[in-house]
Amino acid sequence: MPMASMDDDMMDNRGAPVNWIPEDASLEYSFAEIYTGPRPECVPKAEPFDPVVAAFFRKQQVIPLNPVSRIVEHPESVTLDEGFVKDAPESSTRELSSDKLSTGLLGKHQGNVENGVLNNRICKDIDKRNLPEAENAADVEVGIFIATEAQNREAFQLSRDSANERISSSGKVMVAADLFASFPLDSGALPYSEQEDHISSPPCSDFFGRRSSSSHSSTNDFSEELNTTSAQSSPPISRKCKKGECFCCGKISRLHRKEKCLVCSAKYCMNCVIKAMGSMPEGRKCCKCVGQPISESKRNKLGKPTRMLCRLFSKLEVEQILKAEKECAVNQLHPEQIYVNGRQLTSREFHELLSCQYPPSKLKPGFYWYDSQCGFWGKDGEKPESIISANLRIGGDLSEGASSGSTRVYINNREITKVELRMLKFAGVQCPPSTRLWVDHDGNYQEEGHGHARGCLWEKVTTRCLCHILSLPVPNKYLSTPRPSTLIPAYFEPAKTYKILLFGIPGCGTSTIIKQAKLLYEGGFTEEEVQGIGDLIQRNIYRYLIILLEARERFEEEENARLKEIQENTPSTSSAAGWGLPSAKSNNYSLNSRLKEHADWFLKSDACGDLEKYYSKLSREDATSIINLWNDPAIQATYKRKAEIHNLPDVAGHFLEKVITISSNGYTPDNHDILLAEGNSQEFGLAEVEFTIEDDFRSSGPYPDSSEHPHRDVRYHLVQLSANRFSEGSKLLRLFDDVEAILFCLSLDSYDQMWPAGTDNLQNKMLLNRSMLNKLLNYPAFKGKPVVLFFNKYDSFEEKISTVPLSTCDWFSDFCPVRSKSQNAQMLAEQAYTYIAHKFKEYFKMVNPTGGKLYTYKLNCLDQSSMRVAFQFLNDVVIWEEVKKQPQPSPSFFSEMTTIP
Ligand SMILES: Nc1nc2c(ncn2[C@@H]2O[C@H](COP(=O)(O)OP(=O)(O)OP(=O)(O)O)[C@@H](O)[C@H]2O)c(=O)[nH]1
Ligand SMILES: [Mg+2]
């Protein structure tokens, strides 16, 4: 093979641009030389940095600006051999060669920019041909280009292939940056297929494609991948060096102990530990790895001292380091790393899982299945691994194929594995194919459809022994050494659950607030709850109809009386017909005879209580009669006067309109219908809700990763109390003695509505709210408690305020808005709201001069984003009140100095 001659002027091994290109490009040549520069890690990293791209990415929050080079091999001298000078694929060559290599380090190509959003992937390439200046191996060869999706995929694959080839063919070459470190999860489908054993590549995003992926030996080998999904993490980098070699000084000694970084496994000798790991704010991690999640294989080493630590530091220091290592947030498991029955856990579920009596032991990030009936717990696609507490409300629904069984025998709907079948047969359970068994948490089993238990799986000692042999779990009560009751990380454990009383007069939206809390923070409703709400909607339809029919009768009579009066006052010469007046017997509110018959039947049934028997189900025939009635002009005319029908809810029209859909068999209310469904939903368990509001200070605040500001979620227990149930001196109120705050909800648009206050005495709703607030404040246990006033239904308030004057309510008679030419409904509503809030504050101060504080907030709780912000407001108030309770720090030296006269 002809060798390229090395002219004196062609080579500057310290990185000066080299413009020499072989004249005969077809000639094969070898390009190998000994690198004699300083050790690669000692050379300052030249960060490829483009301020324009950097600014863009900072805006997009996609890629960090520290594409730090990862050095995987660091021989004393680095040789670039032929393997390194492979032909780069054409496309990537083109991409890179079209760019200016301004620094000799970075090639960059900016591709399509669509609507200001770069459809991008960033790829790296090490291509000596395109980066001839980077022959000095200490310089990092990085090519970045931003291109269209298709270009990226192609180029990425090609560049990666060529990079891999180089890496594998030359064990001595250092490799470039790990730019993918912080790709968000949705960067999706980057074609990472194979992984170099010395580089932990970031994960592909499609966790759910895991079963089909052949690259994973076990479906649960996702620990590291899931590790990387936690909010702040980038993938851990594995750094390997020769056996016995210190990663920092390079000295090889197999006899001396080394301290390992919990993230990248780099080993350091006694002399270098402090240099490499600094003050160890997160335990044993090299400085570069601080902020990175630990490697999951090292989780069991957390907090365990080593001899080297004990020799290097004092006892107190070691304790502090290990405490930080065990407790700092970034070293903990996070809910988003655990999937149960195909669903990522929420904070609440994670907490429930870890704090139950029998939590899974040695929990790692991964995909699990869980049978809540009997407590079986296992990795996705595998046999049960342990039996944890049953009836936990975590994860999604258990699927038939959760454990990849192929026996056609089912336990609690899961097709069991062969080894479980063997155990069942041994235990004497008859289970021919297609047997479906129900097993409870004690191991009692029965066949589906048979109402009685056939026995207990684990009652025989021999069965339990066999379970041990087959590595199947047995219930905890049979274990000789009971498992620890909790392994919840201290930092994660919510310090306290704040109990909040949610109070409001009927129709103000308290149930909607509870539903929103469930939707926003608890992952929505169970099937049973949705079904229950569906039934509630069907029952409400009858109620709306009856209210409308009664109102129609009333309006018809009133209209008849009015017409009669007109007729009587009219001179006899001009007949009613002659003046075009409707006859006194029929008017706008009259129904035709057929519909009248239907209407009378509904009213009669209701009066006799017969309608109640239909309440559980809205029949198709009834739905047809109801829609006919609803579409009739008489009912429509009645509905137009809904403001006068005080007990007709706003949503009546919405549901009556879709009565046919609602009566269909397969009707399942969607979230919108669920939120609109009004009525007493307490029987569906919605009268209280527990949820966690995540502290977004850490994720959005100025200290995104700081362990000084640990992640702290606040857990709430919101308990609803309707004004109907409220009476002073009621024993019910004792349930609320320990509330942290009162959330008083009132509907802003109710200023013109009346409500029965006491016997047959109608009172304006705003005045009723005022007196209710007063009564609440009089209750001794609520003295000094903060009150958060949610002014709900701001949307309908905005609509109403320009047509119905606020002075309709006597209390607001002195409202005189500032009028301007450009005034619109929104501005008027804003003024009116400020005025109402001020009135309530004044009143609060008057009746509660020494008590707690009143916080006001306007919202539309049907709107999720408005509700989310409102909950955040509540959270802020609760935290603020908590902070106020804490003792104030004693004045510092400096403050004392400043207060000295
Ligand atoms: N337009 C509008 N409607 C709302 C808003 N909040 C609640 N509603 C509707 O008002 C109706 C009553 O809301 P609920 O949450 O059932 O009221 P409640 O306080 O629980 O009333 P009771 O269950 O009767 O004690 C429902 O139909 C809701 O959809 C809002 O902000 N704007
Ligand atoms: Mg309610």
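Computed from a prediction, not measured in an experiment: that's the story for all the values here.

Rules used in this analysis
Residues numbered from 1 in each chain as written. Chains lettered and ligands numbered in written order. Predicted model: local features only at pLDDT ≥ 70, side-chain atom pairs only at ≥ 80, totals over all residues. Heavy atoms only, no water. Patch = residues over 30% accessible without salt bridge, like charges linked within 9 Å, V, L, I, M, F, W, Y side chains within 5 Å. Areas by Shrake-Rupley, 256 points an atom, 1.4 Å probe, with all protein chains shown as cover. Salt bridge = Lys/Arg side-chain N within 4 Å of Asp/Glu carboxyl O. Lys, Arg positive; Asp, Glu negative; His and termini not counted. Charge placed at Lys NZ, Arg CZ, Asp CG, Glu CD. Helix = DSSP H or I, 4+ residues; strand = E, 2+ residues; numbered from the N terminus. Near = heavy atom within 4 Å. Polar contact = N/O pair within 3.5 Å; in protein donor to acceptor, adjacent residues only side chain to side chain. Nonpolar A, V, L, I, M, F, W, Y, C, P; charged D, E, K, R; others polar. Domains from an automatic or database assignment. Pairing = 2+ DSSP bridges. Contact = heavy atoms within 4.5 Å. UniProt positions renumbered as here; feature names shortened; annotations may be inferred. Axes fitted to C-alpha atoms, helices over the stretch in contact; angles between N-to-C directions. Parallel < 35°, antiparallel > 145°, perpendicular 65-115°, else oblique. Buried < 20%, exposed > 50% of the residue type's maximum accessible area, 1.4 Å probe, protein only. Left-handed = near helix turned anticlockwise from the far one by under 90°. Expected span 1.5 Å × (residues − 1). Arc of directions from axis to C-beta.

1. Considering a positive patch on the surface
- Judged by side-chain charge, Lys260, Lys301, Lys304, Lys362 and Lys364 come together as a positively charged surface patch.
- Structurally, Lys362 can be placed in the loop between helix H8 (347-355) and strand E12 (366-370).

2. Considerations on the site of ligand 1
- Neighbouring residues of ligand 1: 21 residues in total, closest Gly507, Thr510, Ser511, Thr512 and Leu676.
- In this structure, Ser796 approaches ligand 1 through a side-chain N or O atom, which is 3.5 Å from a nitrogen atom.
- Starting from 650 Å² of accessible surface for ligand 1 in isolation, the protein chains cover 89%.
- Looking at which element gives the most residues to the shell around ligand 1, the answer is helix H11 (residues 510-521), with three residues.
- Its residues placed into classes, the shell around ligand 1 shows seven nonpolar, eleven polar and three charged.
- Split by domain, the residues of the shell around ligand 1 number at least three in each of domain 4 (497-509 + 682-885) and domain 5 (528-568 + 579-676).

3. Details of the sheet that holds strand E10 (residues 338-340)
- Pairing is mixed across the open sheet formed by five strands, whose spatial order is E11-E10-E12-E13-E14. Because the sheet does not close on itself, it has two edges, and the strands there are strand E11 (343-344) and strand E14 (384-387).
- Relative to strand E13 (residues 376-379), E12 runs antiparallel, the two being bridged by three bridges. By the bridge assignment, Tyr370 is partnered in E13 with Trp377.

4. Some remarks on the sheet that holds strand E19 (residues 455-456)
- Overall, mixed pairing links the five strands, which are arranged E16-E15-E17-E18-E19 in an open sheet. Where the open sheet ends on each side, the last strands, each with one partner, are strand E16 (414-415) and E19.

5. Topic: the side chain of Ser747
- Within the secondary structure, Ser747 sits in strand E23 (residues 741-747).
- A distance of 2.8 Å separates a polar atom in the side chain of Ser747 from a polar atom in the side chain of Asp749.
- Contacts of Ser747, omitting those with residues within four sequence positions, involve Cys508, Met766, Asn792 and Lys793.

6. Quick word on the UniProt feature "binding site: Mg(2+)" (unreviewed entry) in the chain
- Mapped onto this numbering, the UniProt entry gives "binding site: Mg(2+)" (unreviewed entry) at Ser511.
- Within the element layout of this structure, Ser511 appears in helix H11.

7. Remarks on the pairing of strand E18 (residues 444-447)
- When strand E17 (residues 436-439) meets E18, the two strands line up antiparallel, connected through three bridges. Note on E18: the bridge partner recorded for Trp438 is Gln446.
- Between the antiparallel neighbours E17 and E18 lie four residues, among them Gly443 with a positive phi of about 95°.

8. Quick look at the packing of helix H15 (residues 620-631) against helix H16 (residues 633-640)
- The N-to-C vectors of H15 and H16 enclose an angle of 70°; their axes lie 5 Å apart at closest approach. When the axis of H15 is compared with that of H16, the two are roughly perpendicular. Within the contact between the two elements, H15 uses Leu629, Trp630 and Asn631 and H16 uses Pro633, Ile635, Gln636 and Tyr639.
- Residue classes in the contact of H15 with H16 are distributed as five nonpolar, two polar and no charged.

9. Digging into the pattern of salt bridges
- Taken as a whole, this structure holds 24 salt bridges when the rule is applied.
- The salt bridge involving Lys285 is made with Glu282; its shortest N-O contact spans 2.8 Å. Take Lys285 and Glu282: they sit in the same class, and that class is buried.
- Arg343 is the partner of Glu349 in a salt bridge, and the nearest nitrogen-oxygen pair spans 2.3 Å.
- What makes Glu349 buried here is its relative accessible area of 3%.

10. Details of a nonpolar patch on the surface
- Side chains of Ile879, Trp880 and Val883 sit close together on the surface and give an oily, nonpolar patch of about 260 Å² of accessible area.
- Tracing the sequence through the fold places Val883 in helix H24 (residues 864-885).

11. Describing the packing of helix H13 (residues 593-608) against H15
- Following both chains from N to C, one finds H13 and H15 inclined at 120°, their axes separated by 10 Å at the closest point. Judged on the interaxial angle alone, H15 and H13 are oblique. As for how H13 packs across H15, the hand of that crossing is left-handed. On the side of H13, the interface is formed by Arg594, Leu595, His598, Ala599, Trp601 and Phe602, while H15 contributes Asp622, Ser625, Ile626, Asn628 and Leu629.

12. A few points about H13
- Between the first and last C-alpha of H13 there are 22 Å, a value that for 16 residues agrees with the 22 Å anticipated at 1.5 Å per step.
- Buried within H13 are the following residues: Leu595, Ala599, Phe602, Leu603 and Ser605. Take H13 and look down its axis: the buried residues cluster within an arc of 160°, on one side only. More than 90 degrees from the buried face of H13, the exposed residues found are Ser593, Glu597, Lys604, Ala607 and Cys608.
- Residue Asn592 occupies the N-cap position of H13, its side-chain oxygen lying 3.2 Å from the main-chain nitrogen of Arg594.
- Of the residues one or two after H13, Gly609 is the one with positive phi, at around 85°.

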